[in-house]
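Here is what each chain is made of, one letter per residue.
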Amino acid sequence: NHVNADTKTYNIGTDVTYPPFEFANKNNQYVGIDIDLMKAIAKEEGFKVNIQPIGFNSAVQSLQSGQIDGVIAGMAITDERKQKFDFSKPYYKTGFIMTVAKNSNITSLKQLRGKRVALKTGTAAANYALSLKDKYGFKTVTFDDSDNMYNDVVNGNSVACFEDMPVMQYAIQTGTKLKIVTKPAQSGYYGFAVMKGKNQELLHKFDDGLAKLKKNGGYDKIVNRYINQNT
Ligand code: GLN
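Definitions and limits used
- Residues numbered from 1 in each chain as written.
- Predicted model: local features only at pLDDT ≥ 70, side-chain atom pairs only at ≥ 80, totals over all residues.
- Near = placed C-beta within 6 Å.
- Nonpolar A, V, L, I, M, F, W, Y, C, P; charged D, E, K, R; others polar.
- Domains from an automatic or database assignment.
- Contact = placed C-beta atoms within 7 Å.
- Helix = DSSP H or I, 4+ residues; strand = E, 2+ residues; numbered from the N terminus.
- Expected span 1.5 Å × (residues − 1).
- Buried ≥ 20, exposed ≤ 12 C-beta atoms within 10 Å, placed from the backbone.

The chain carries the name Glutamine-binding protein / Glutamine transport system permease protein in an unreviewed UniProt entry, which gives Ligilactobacillus salivarius as its organism.

Trainee: Looking at this structure, I do not really get the site of the ligand. What am I missing?
Mentor: Neighbouring residues of the ligand: Asp15, Tyr18, Phe56, Ala73, Gly74, Met75, Ala76, Lys120, Thr123, Ala124, Ala125 and Asp164. For the shell around the ligand, the class distribution of residues is 7 nonpolar, 2 polar and 3 charged. Formed jointly, the shell around the ligand draws a minimum of three residues from each of two domains, domain 1 (9-91 + 191-226) and domain 2 (94-187).

Trainee: So what exactly am I meant to see when it comes to the domain arrangement of the chain here?
Mentor: By a widespread convention, an interface's size corresponds to the accessible area lost as its parts come together. Per the domain assignment, the segments making up the chain are domain 1 (9-91 + 191-226) and domain 2 (94-187). Placing the centre of domain 1 and that of domain 2 at their C-alpha centroids yields a distance of 25 Å. Counting residues at the interface gives 13 residues for domain 1, matched by 13 residues for domain 2.

Trainee: Explain helix α1 (residues 33-45) to me, please; I cannot follow it from the model alone.
Mentor: Each α-helix turn comprises 3.6 residues. Residues three or four places apart therefore point the same way. Counted at 1.5 Å a residue, the expected span for α1 with its 13 residues is 18 Å, and the 18 Å between its end C-alpha atoms agrees. Within α1, burial applies to Ile33, Asp34, Ile35, Asp36, Leu37, Met38, Ile41 and Ala42. Contact partners of the buried residues in α1: β1 (9-14), β3 (30-31), β4 (48-53), β7 (92-101), α7 (200-216) and α8 (218-226).

Here it is as structure tokens:
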């Protein structure tokens, strides 16, 4: 095996903790559907990745200013983001849900009037919540990480938070003391992002690798590593 001197290394920004898509495992290794998928695609397509867990909002900002080559972070493909970024083919389905403390009586948006809601900076779920803020008359507080947002609700400082369905389901399954009270709204898909018009070669490699992994079972294997399809 010879090392190809032309092997390109791409800097990929991601979230610090957004399980099951990216998180540090017990051995302090960075894992998750996004991380494994990115690595498997890199292997399939013959390039290298330098994964940078810098937080969701920071990753998006860094991509916009051209400091990194791509972002994979459970990032929803939205019309607004498509103005600034080019996205891969969708690779995972999602939707926004409202989550409250396990012992809370709140089950609807109407009950948020005058109350405080926790959001995560720069996320699609936060934008969704902000679009409802005036109508339902709630106040908001923002956090950079999902964990801090969840804790604000668990501790009773906020009465609810808005998050993506698969992420919240995973958090609850792994012990976060919250419950989902709404059906998923505005369903969409996660995609890998590069700066608009830049790194098209990387984008094509991603799409090509993703298609191969979907065909050869590699994609399902990665998802099943983290998500119990029977629940
Ligand atoms: N899925 C959300 C979005 O696209 C949040 C992503 C994240 O927090 N890592 O905005």
